[in-house]
Amino acid sequence: MLLTLILLPIATAFLTLFSSKRMQYFLSGAVLAIGSYQSIVLFTSAENMSFHLSSLFNTVIIAADIILLLYFLYQGTKHNSSKVIVLAVVQLVLFLYIEHAASSGHSAQVVVDGLSKYTMEYDISSGHSAEIVVDGLSKFMFLIINIVGGIIVLYSVRYMEDEEATLRKKQLFIAGMFLFLSVMNAIVCANSLMLFFFLFEMTTLASYQLIAFRNDELSRTNALRALWMNQIGGAVILAGALIALRSANTLMFDTLLQHSGGMLLLALALLSMSALVKGASVPFDSWLLGAMVAPTPVSAMLHSATMVKIAPYLILKLAPVLGTTLLGGVLSIIGALVFVAASYLALSRSVFKEILGYSTVALLGLMMALAAIGTKETMMLAMVLMLFHALSKALLFLAAGVLEKQYHLKSIEEMSALVHRAPKTVGYIVLGFVSLTLPPFGLFVGKLFAITSVASLLRERPLLVIVLVSMVVGSALLVLLYFKVSSALLSNPSDTLSAERERIPYGYNIPLIFLTLLIVGSGAGFIIIQHNVLLALLAVPLTFVFVLPRVMRGMERYDRTDPYHCGEKEPFDAALVYFEPSVRVKRMIYWSFTLLFVSVAVIGGLS
């Protein structure tokens, strides 16, 4: 089954290069169906699996890694980016040194019964652990990648029909999306640090290529920024691997996590820093915001629904050790502060996709905060947030794509009274916001239980009061943000004409319906498993969502007037109320988070 999840998208990507539009729909539908089925079967199976890679395959991975780093070096030279060049050289040197050290073997001093010592040769190339391990966390990630990711690929076929590009370029785009699914399926079961690094950089490559898809100056600039920032993540992974090799004599996640003392926490701190980079935590948020110039399926797939989920995934993987340490406490505080800061910064934006991007940065911070606390309950809640955030954000991004292609709208300032022109699309957007905010949906339930869970830990860990307060403040700011956008969409001025009927093309509508059914089904499922009839009242907001666009269209329109203005129209639009921080405040925020980012390594080294 694992091979199917990894190889099927690769084979489909190849076929896409020679297929017609109808065949692309068939292939993407088949990958969605087969990938979803295999993911569900794996998720419901109790058995964990592990696989050793042959020496030949390991050699191929090493060669591919070197080629990839050389390609980054070439791109840095071609575009005259000193940051990309320096980071590519640093990565290349670290990578070659680690591979050389690992292949030559190391000696480890092992204490036996506290009486004698002897030297044991440990062959790292074969290792005691397998390079591929499929555990419960991997199976959970397969669900997000193959169901949500599969729906986004299906949507991208229709989106590319409306994109101005050559046929070959459109085919390459869809093939790239399939390949990305394969990489994501592989990275979440990589137990080898070096394999994880390779796949991490493959996601960086995918991000770089897809952001630059439109090949204009802005796209290329933003793609280069995404490249060098993510290269920082790759560099700290290699630094963490080097520390792991020197202090614990291993390059495997599971073996590393079984060690204690030495430089273990420094290795984990460096790996955690890569999660902060990939999760676009402040001060690395600009790479994700810049990525919004890419076609919308890229925003949905790479930068909201799946790729950035590597960040909380990695913290969850390390959480069994991090949870009880000062390092884990610092990471949880950083995540919580990112939740507040990104929610606040989102209020200053007017481009719809950028608002969604900042909202994603905020919620990723919350997920990492819960994961780093490391109790069984907070880790489970982090996973709940990951799943439902992926569904809701995919719905919102795909609806943003409909607005972009069907109505040529990107800024919320252009979306005033949109409910009269596009009630169905507005309905999808409002449902997305409600599913992020209100019961009975997973985000609301997850945040509510998270506040309760963190509050119960305050006696043992007083510093978590920062996390608790941040969760309350950040949640309030996000509600304000969603209200601001919704007020623009649902406004009701008298001079707006209604469209006869909104027709959303099937290629857009079917993926949106899939996501709607999954979101509504998850809310209904929560009510059913509680065995409490009164909880059915939680479904009231859901009814409200479906009825609201129709009610707004039927309402008598009006304008605010003031008798002292001689009856002239008095415009008021909540969507135009911005909360722009001053340059000084913004600078302070970014410098503070830069210091916190560096402090992760310092605390890891001193612990």
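Residues numbered from 1 in each chain as written. Predicted model: local features only at pLDDT ≥ 70, side-chain atom pairs only at ≥ 80, totals over all residues. Heavy atoms only, no water.

## A short note on the packing of helix H4 (residues 82–104) against helix H7 (residues 193–211)
No. 1: Axis separation between H4 and H7 bottoms out at 12 Å; the angle between their running directions is 155 degrees. Viewed along their axes, H4 and H7 adopt a mutual orientation that is roughly antiparallel. Crossing of H4 against H7: the hand is left-handed. Of H7, the residues touching H4 (which contributes Gln91, Phe95, Ile98 and Glu99) are Met194, Phe197 and Glu201.
No. 2: A per-class count over the contact of H4 with H7 returns 4 nonpolar, 1 polar and 2 charged. (Axes fitted to C-alpha atoms, helices over the stretch in contact; angles between N-to-C directions. Helix = DSSP H or I, 4+ residues; strand = E, 2+ residues; numbered from the N terminus. Parallel < 35°, antiparallel > 145°, perpendicular 65-115°, else oblique. Left-handed = near helix turned anticlockwise from the far one by under 90°. Contact = heavy atoms within 4.5 Å. Nonpolar A, V, L, I, M, F, W, Y, C, P; charged D, E, K, R; others polar.)

## Things to note about the pattern of salt bridges
No. 1: Tallying each qualifying case throughout the model produces 7 salt bridges.
No. 2: The partner of aspartate 162 in a salt bridge is arginine 158, and the shortest N-O contact between them spans 2.9 Å.
No. 3: Overall, the relative accessible area of 13% leaves arginine 158 in the buried class.
No. 4: A salt bridge links glutamate 163 to arginine 214; the shortest N-O distance between them is 2.7 Å. You can see glutamate 163 sitting in the loop between helix H5 (136–161) and helix H6 (167–187) and its partner arginine 214 sitting in the loop between H7 and helix H8 (217–248), a full 51 residues away along the chain.
No. 5: A relative accessible area of 7% means that glutamate 163 is categorised as buried.
No. 6: In this structure arginine 214 comes out as partly exposed when scored by relative accessible area, which is 25%. (Salt bridge = Lys/Arg side-chain N within 4 Å of Asp/Glu carboxyl O. Buried < 20%, exposed > 50% of the residue type's maximum accessible area, 1.4 Å probe, protein only.)

## Considerations on the confidence of the model for the protein
No. 1: Mean pLDDT over the protein works out to 85, with 86% of the residues at or above the 70 mark.
No. 2: Put simply, strand S3 (residues 116–122) is where the protein has its lowest mean pLDDT, 38, and H5 is where it has its highest, 94.
No. 3: Predicted confidence is poor over residues 106–127, with pLDDT under 50, and the contacts of this stretch with residues over four places away or in other chains come to 40 contacts. (pLDDT = per-residue confidence, 0-100.)

## As for the packing of aromatic side chains
No. 1: In this structure the tally under the stated criterion is 11 aromatic pairs.
No. 2: Where phenylalanine 433 meets tyrosine 482, the ring centres are 4.9 Å apart and the plane angle is 20 degrees; that geometry is what we call stacked. Here tyrosine 482 lies in helix H19 (residues 464–489) and phenylalanine 433 lies in helix H17 (residues 423–437), a separation of 49 residues in the sequence. Of the two residues, phenylalanine 433 and tyrosine 482, both sit in the buried class.
No. 3: Linked through ring pairs, Tyr155, Tyr159 and Tyr508 together constitute an aromatic cluster.
No. 4: Here the basic side chain of arginine 168 rests over the ring of phenylalanine 18, its NZ or CZ set 6.0 Å away from the ring centre.
No. 5: The ring of phenylalanine 213 has lysine 169 lying over it, and the distance from NZ or CZ to the ring centre is 4.8 Å. (Phe/Tyr/Trp six-rings, centres within 6.5 Å; stacked < 30°, edge-to-face > 60°. Lys NZ or Arg CZ within 6 Å of the ring centre and 35° of its normal.)

## Focus: unusual backbone geometry
No. 1: Going from valine 282 to proline 283, the amide bond is cis rather than trans, its omega being 15 degrees.
No. 2: Non-glycine residue asparagine 80 carries a positive phi angle of around 55 degrees.
No. 3: Within the element layout of this structure, asparagine 80 appears in the loop between helix H3 (55–78) and H4.
No. 4: In this model, asparagine 215 sits at a positive phi of 60 degrees, which is unusual for a non-glycine residue.
No. 5: Tracing the chain through its elements places asparagine 215 in the loop between H7 and H8.
No. 6: Using a relative accessible area of 47% as the deciding quantity, one classes asparagine 215 as partly exposed.

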